[in-house]
Amino acid sequence: TKRQPLAPEDGPGGPILVLSAPQNPFSRYSVEILRAEGLNYFAAEEVSNLANLMLDEYKVIILGEMSLDTEQVAIITNWTEAGGTLISFRPDVQLANLHGLVASNSTLSEGYVLVNDQSGPGVGIVSETIQFHGVADLYDLNGATTVAMLYSGANTAT
């Protein structure tokens, strides 16, 4: 029998789990990024199914921008503290401590970001501010390492 091709928004399974929410279609964007980079060994699920998933099958969770309820926060926190790697796009403020951050309850709209291109994940990224569109949440560090800084203007650090 011939195998049916997977829909572009699905993955065949693997050590990476992409969690999204139907309320924000962009929360599934990391699926497109993974496919474009040739990383096709992942699973994609809606966060509403989180309680039913066997998370010990995954080494990495990529969490799109979405709100989480307290049960989902507890599940993700327990999994991460047990050794899982969590990558979040504009994470729910309830996950701030898990990321080594403290929420400042402020945001920055239509600003700029300057990546530290001297070490770590920023090596090779442009050394000038990059404009972003949308809203960014502002946080203070509480154990995390700075990889980028937000700017309110091209040359004005926030």
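What counts, and where the lines are drawn
- In every chain, residue numbers begin from 1 and rise along the written sequence.
- The predicted nature of this model means local features are confined to residues of pLDDT at least 70 and side-chain atom pairs, given and counted, to a pLDDT of 80 or more, with totals for whole chains, interfaces and linings taken over all residues.
- Only hydrogens and water are set aside; all other atoms, that is, all heavy atoms of the structure, feed into the side-chain values.
- We call a set of buried residues a nonpolar core when its members are Ala, Val, Leu, Ile, Met, Phe, Trp, Tyr or Cys and they connect through side-chain atoms within 4.5 Å of each other.
- Each residue is placed in one exposure class: buried if its accessible area under a 1.4 Å probe, protein chains only, is under 20% of its type's maximum, exposed if it is over 50%, and partly exposed if it falls in between.
- Helix and strand definitions follow DSSP, with helices as H or I runs of at least four residues and strands as E runs of at least two, each counted in order from the N terminus.
- Whether two residues are in contact is decided by their heavy atoms: any pair within 4.5 Å suffices.
- Whenever a carboxyl oxygen of Asp or Glu lies within 4 Å of a side-chain nitrogen of Lys or Arg, that contact is scored as a salt bridge.
- By this definition, two strands are paired if DSSP reports at least two bridges between them.
- Only C-alpha atoms enter the line fits that serve as axes; for helices the fit covers just the stretch in contact. Angles between N-to-C directions range over 0 to 180 degrees.
- Counting rule applied: Lys, Arg positive; Asp, Glu negative; His and chain ends not counted.
- For the purposes of these results, a polar contact is taken to be a pair of N or O atoms within 3.5 Å, where, inside protein, one atom must be able to donate a hydrogen and its partner to accept one; residues adjacent in sequence count only when each atom of the pair is a side-chain atom.
- Expected span, for any helix, means 1.5 Å times one less than how many residues it has.
- When we speak of the arc, we mean the arc of directions from the helix axis to the C-beta atoms.

## Overview of the nonpolar core
Reasoning step 1: Residues Leu17, Leu55, Leu63 and Leu68 are the most contacted members of the largest nonpolar core, which totals 18 residues.
Reasoning step 2: Of all the secondary structure elements, the ones that give two or more residues to this core are strand S1 (16–20), strand S3 (60–63) and helix H2 (70–81).
Reasoning step 3: Per-element accounting of this core gives the leading share, three residues, to H2.
Reasoning step 4: Other than its neighbours up to four places away in sequence, Leu63 contacts Leu19, Leu68, Ile76, Leu86, Ile87, Ser88, Phe89 and Leu95.

## Comments concerning the pattern of salt bridges
Reasoning step 1: Counting across every chain of the model gives two salt bridges.
Reasoning step 2: For the salt bridge of Arg90 with Glu65, the shortest nitrogen-to-oxygen distance reads 3.3 Å. Residue Arg90 is found in the loop between strand S4 (85–88) and strand S5 (101–109), and its partner Glu65 is found in the loop between S3 and H2; the two are separated by 25 residues along the sequence.
Reasoning step 3: According to the relative accessible area criterion, Glu65 is partly exposed, its value standing at 34%.
Reasoning step 4: A salt bridge links Arg90 to Asp137, with the nearest nitrogen and oxygen atoms 2.9 Å apart. Here the residue Arg90 occupies a position in the loop between S4 and S5, and Asp137 occupies one in strand S8 (residues 135–141), the gap between them amounting to 47 residues.
Reasoning step 5: By relative accessible area, which is 32% here, Arg90 ends up partly exposed.

## With respect to the sheet that holds strand S2 (residues 42–46)
Reasoning step 1: The four strands are arranged S2-S1-S3-S4 in an open sheet whose pairing can be described as parallel. Two strands in the sheet have a free side with no partner beyond their single neighbour: S2 and S4. Averaged over all pairs of adjacent strands, the angle between strand axes in this sheet comes to 20°, irrespective of strand direction.
Reasoning step 2: When S3 meets S4, the two strands line up parallel, connected through four bridges. Bridging across to S4, Leu63 finds its partner in Ser88.
Reasoning step 3: Lying on the sheet, H2 is in contact with S3 and S4; it crosses S4 at an angle near 130°.

## Re the side chain of Ser30
Reasoning step 1: Locating Ser30 in the fold gives a position in helix H1 (residues 29–36).
Reasoning step 2: Those residues in contact with Ser30 that lie beyond four places of it in its chain are Val18, Ile62 and Phe89.

## Quick word on the sheet that holds strand S10 (residues 156–157)
Reasoning step 1: Strand order across the open sheet formed by four strands is S7-S6-S9-S10, with antiparallel pairing between neighbours. Only two strands of the sheet have a single neighbouring strand rather than two, namely strand S7 (130–131) and S10.
Reasoning step 2: Sheet topology note: the strand S9 (residues 148–153)/S10 ladder contains two bridges and is antiparallel. Note that in S10 the partner of Gly153 across the bridge is Thr156.

## A look at the side chain of Asp92
Reasoning step 1: With respect to the element layout, Asp92 can be found in the loop between S4 and S5.
Reasoning step 2: Comment: no salt bridge for buried Asp92; closest opposite-charge side chain is Arg90, at 10 Å.
Reasoning step 3: Of note is the side chain of Asp92, whose polar atom sits 2.8 Å from the backbone nitrogen of Gln94.
Reasoning step 4: In this structure, Asp92 is in contact with Met66, Ser67 and Leu68, ignoring residues within four places of it in sequence.

## What about H2?
Since the α-helix packs 3.6 residues into each turn, any two residues three or four apart lie on the same face.
Reasoning step 1: Helix length check: H2 (twelve residues) gives 16 Å between terminal C-alpha atoms against 16 Å at 1.5 Å per residue, within 8%.
Reasoning step 2: Among the residues making up H2, those that are buried are Gln72, Val73, Ile76, Thr77, Trp79 and Thr80. With its buried residues spanning 165° around the axis, H2 presents them on a single face. Across from the buried face of H2, at angles greater than 90 degrees, the exposed residues are Thr70 and Glu81.
Reasoning step 3: Lining the buried residues of H2 we find S3 and S4.
Reasoning step 4: Capping the start of H2 is the job of one residue whose side-chain oxygen sits 3.1 Å from the backbone nitrogen of Glu71: Asp69.
Reasoning step 5: In the segment just after H2, Gly83 is the residue with positive phi, at about 120°.

Remember that the coordinates give geometry; whether it matters functionally is a separate question.
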